[in-house]
Every structure is written in C-alpha cells, then in structure tokens.
Amino acid sequence: MNYAEEEFEQAWNNPANTQIKLGDVDINDVLAKYYETPIPVNFTREMLWDMGAKKAWDPKIYIPYAVRAGKSWGKKILENGDEVFFRSSEQNKWLNKELYDEIFEEVYLNHKDQIATFLGRQDLVDESGKTIHTENHQPLFHVQQSVEGEESNPINVWRIVHLTDGKDLKLIQLFKKLENPTALPGYAEIYIKKDLKVPLLHK
C-alpha cells in the first residue's frame, strides 16, 4: 500500500468522518441490460483502468457535469511505474450545485493494482514552484476509484470520505439519491463515446 492509499484508509476508518461507498458497477452487465450500441462493447479491466487514468488527468473532459474548469500538472513517474500529479478544478459544491469551489487534489495512480486515489488539499505547489492556497467552503474530501473483478468482467468501485467533525447525514442522503443501478457512471458514457467512438443510447 502506498502513502496515498494509507492516508485514504486512515481517513476512511476515522469515525468522525463521513464515508460513502457507491454501489459497485458491473460495466458489461449494465451496458448489456440498459444500453444500445451499434456494435458490441465489452470492457476489459485494462479498458476500465484506461478510462479511470484519463479521467484522473482531465476532469473537465470526463466529468463536465461536475467540473466547469480543471487542469493537472507536475506528473512524476515513480520507480515502480506509478504516477503522481496535482490537479485543480472548479467543482459543484456537493450540497449546492449552483455554487462552485476550487478543489485541489494530489492524485496517485497505482497502475499495478489499478487504484486511483485523490487526496483533497488546501495547498499545492504550482507549475512554477509557488505554493498556492484555496479556501474550501465545504469539508475537504478524498476519493478512491478502483478496478476489481475478472479481466473480461471488470467492476468499477468508487468511494469518498469527507473530512467532517461528525457524520453529515445530508451528504449521505445526497449520494444515495445519486445511485442509479440502471445507468453507467457519466464518465464511462463519455469514455465510450469519445475514446471508443461508439454511439450510446440508454434504453
């Protein structure tokens, strides 16, 4: 386990924080049951991880429904082949979608285990080496997205932990409403249309 995953797990196991895990998504099963495509689309673990890595680097393209501006910088390839970089994006506030916060994140891509960890930060070092600061108007949060399942039957796993001073029931209720077992995550739909170049129609 790398330092980013350790920090995420510590936050996840802190009873004062607000932990939320969305239902695991069997990508191929949801595609087959609830979508129409002109040609068959069958995800592999490698494809699902490719999607996750691209979403991590370019949030404006892959999660435009939550991000109106975003960029990443400072990518470093570690000796084990993993990647780390910084990301800044303007994202909807969780409990008020009309307002935006500037969100700073340190991103760690564990390519071997196919785990992407996003650590919320208030301070980062920009491309010029200057320390930059953002004022968060909601609790910091960490996100982890990973790939599980068989190579030919990948499962998308997603969880988030908000660094709160006690369980935030409004946040928990919000994420429960977001779950839709009949639909792919929005970024998966975008990946299929943009990267696989396959039209997609929800039944």
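From a predicted model like this one, the values you see are computed outputs, not experimental measurements.

Can you explain the overall build of the protein chain? Please cite residues and give values.
Counting its secondary structure elements, the protein chain contains six helices and twelve strands. In terms of its C-alpha atoms, the protein chain occupies a principal-axis envelope of roughly 50 × 40 × 30 Å. Taken as a whole, the protein chain presents about 10700 Å² of accessible surface, with 52% of it coming from carbon and sulfur. Taken together, the 25 basic and 33 acidic charged side chains of the protein chain have centroids lying 5 Å from each other.

How would you explain the nonpolar core if you had to name every residue and give the values?
Leu-31, Phe-43, Leu-109, Ile-160, Phe-175 and Leu-184 are the most contacted members of the largest nonpolar core, which totals 40 residues. Residue assignment for this core shows that the elements contributing at least two residues are α2 (27-34), α3 (45-57), β6 (96-110), β7 (115-121), β10 (141-150), β11 (153-162), α5 (169-178) and α6 (186-194). The residues touching Phe-175, leaving out its near neighbours within four places in the chain, are Ile-20, Leu-22, Trp-94, Trp-158, Ile-160 and His-162.

So, the environment of Glu-7: which residues are in play, and what are the values?
Tracing the sequence through the fold places Glu-7 in helix α1 (residues 3-12). In this structure, the C-alpha to C-alpha distance between Glu-7 and Leu-119, residues 112 residues apart in sequence, is 8.1 Å. Dropping the residues within four chain positions of it, Glu-7 is found in contact with Leu-119, Arg-121 and His-142.

About the cut-offs
- Residues numbered from 1 in each chain as written.
- Predicted model: local features only at pLDDT ≥ 70, side-chain atom pairs only at ≥ 80, totals over all residues.
- Heavy atoms only, no water.
- Helix = DSSP H or I, 4+ residues; strand = E, 2+ residues; numbered from the N terminus.
- Areas by Shrake-Rupley, 256 points an atom, 1.4 Å probe, with all protein chains shown as cover.
- Lys, Arg positive; Asp, Glu negative; His and termini not counted.
- Charge placed at Lys NZ, Arg CZ, Asp CG, Glu CD.
- Core = buried A, V, L, I, M, F, W, Y, C linked by side-chain atoms within 4.5 Å.
- Buried < 20%, exposed > 50% of the residue type's maximum accessible area, 1.4 Å probe, protein only.
- Contact = heavy atoms within 4.5 Å.

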